[in-house]
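# Report on the structure
The lines below spell out each chain.
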Amino acid sequence: MLLLGVAAGFVWERLATPAEWEVREAGVVMDEAASKGQFSVIVVFVLIGAITSLVWGAFAAWTLRDAGWIVTPFVVVLTLGASVIAWRVGVWLGPPDPSTVRDASVGDHIPARLAVDTFAPFLTWPIFGLAGFFGAMLVGVALDPLDESQHPSPDDRPFG
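Just so it is clear, the model here is predicted, and its values are computed rather than measured.

### Re the overall build of the chain
- The secondary structure content of the chain amounts to 4 helices and 3 strands.
- Of all 160 residues assigned to the chain, the portion counted as buried reaches 32%.
- Across the chain, every contact between residues at least 6 apart in sequence was considered, and the portion connecting residues at least 24 apart equals 76%.
- Carbon together with sulfur atoms contributes 67% to the accessible area of the chain, which is approximately 10,100 Å² in total.

Now the structure itself:
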């Protein structure tokens, strides 16, 4: 999952369309229409995390189904770690801070830095990881019902 976090960071950097700052004589400004790009960057981060975590949670259910309850915190910790890795990779690969851009002239548009400024988008990764895990477990139980030989007959039960 941590490697998927790195891959998700690359995908986030490629798919996210950040807001654009406009260079004016008074300085660098962003109008309200351009600021919707700030929100779309977070939406793309959440969608990538949801898909990645859902798939990985299902994979963990198939491979670690016999591990017991310990898989639940394992999924939470790894998906949360992957979200932080994806965020850092996306910020590192994404556009630089607009205040550090030199040689910009009036009328130029400078993309904003990729940013996730609240904790909630990071929480969607473990939520979807657990959803994928429990969903795959339910599908596994539905597809592989217990064999009748595993159930004791009424005659074999102690105490009747």
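Past the structure itself, the notes keep going.
### As for the pattern of salt bridges
- Taken as a whole, this structure holds 1 salt bridge when the rule is applied.
- Salt-bridge contacts for E13 lead to R14; the nearest nitrogen and oxygen are separated by 3.6 Å.

### Details of the packing of helix α1 (residues 2-15) against helix α3 (residues 71-93)
- Between α1 and α3, whose axes approach to 7 Å, the crossing angle comes to 35°. At the point where α1 passes α3, the crossing takes the right-handed sense. Between α1 and α3, the contacting residues are L2, G5, V6, A8, G9, F10, W12 and E13 on the first element and L78, G81, A82, I85, A86, W87, V89, G90, V91 and L93 on the second.
- Its residues assigned to classes, the contact of α1 with α3 shows 13 nonpolar, 4 polar and 1 charged.

### Looking at the side chain of E13
- With respect to the element layout, E13 can be found in helix α1.
- The class for E13 is buried, based on a relative accessible area of 17%.
- If we ignore the near neighbours within four places in the chain, the residues touching E13 are G90, L93, G94 and L114.

### Points about the packing of aromatic side chains
- Enumeration according to the criterion identifies 7 aromatic pairs in this entry.
- Summarising the aromatic geometry, the rings of W87 and F122 are spaced 5.5 Å apart at their centres and angled 85° between planes, so their arrangement reads as edge-to-face. Placement of the pair is W87 in helix α3 and F122 in helix α4 (residues 120-143), with a sequence separation of 35 residues.
- On the accessibility criterion, F122 (7% relative accessible area) is buried.
- By the ring-pair criterion, three or more aromatic residues cluster together here, those being W12, F45, W87, F119, F122 and W125.
- Residue placement shows R88 over the ring face of W87; its charged tip is 4.9 Å from the ring centre.

### What about the confidence of the model for the chain?
- Overall, the predicted model of the chain reaches an average pLDDT of 83, with 81% of residues at or above 70.
- The least confident element of the chain, judged by mean pLDDT, is strand β2 (residues 27-29) at 67; the most confident is α3 at 94.

### Things to note about the packing of α3 against α4
- Following both chains from N to C, one finds α3 and α4 inclined at 140°, their axes separated by 8 Å at the closest point. By the angle class used here, α3 and α4 are oblique. Our pair here, α3 against α4, has a crossing hand that is right-handed. Of α4, the residues touching α3 (which contributes V71, T72, V75, V76, T79, L80, A82, S83, V84, A86 and W87) are F122, W125, P126, G129, L130, F133 and F134.
- Of the residues assigned to the contact of α3 with α4, the class counts are 14 nonpolar, 4 polar and no charged.

Parameters and conventions
- Residues numbered from 1 in each chain as written.
- Predicted model: local features only at pLDDT ≥ 70, side-chain atom pairs only at ≥ 80, totals over all residues.
- Heavy atoms only, no water.
- Helix = DSSP H or I, 4+ residues; strand = E, 2+ residues; numbered from the N terminus.
- Buried < 20%, exposed > 50% of the residue type's maximum accessible area, 1.4 Å probe, protein only.
- Contact = heavy atoms within 4.5 Å.
- Areas by Shrake-Rupley, 256 points an atom, 1.4 Å probe, with all protein chains shown as cover.
- Salt bridge = Lys/Arg side-chain N within 4 Å of Asp/Glu carboxyl O.
- Axes fitted to C-alpha atoms, helices over the stretch in contact; angles between N-to-C directions.
- Left-handed = near helix turned anticlockwise from the far one by under 90°.
- Nonpolar A, V, L, I, M, F, W, Y, C, P; charged D, E, K, R; others polar.
- Phe/Tyr/Trp six-rings, centres within 6.5 Å; stacked < 30°, edge-to-face > 60°.
- Lys NZ or Arg CZ within 6 Å of the ring centre and 35° of its normal.
- pLDDT = per-residue confidence, 0-100.
- Parallel < 35°, antiparallel > 145°, perpendicular 65-115°, else oblique.

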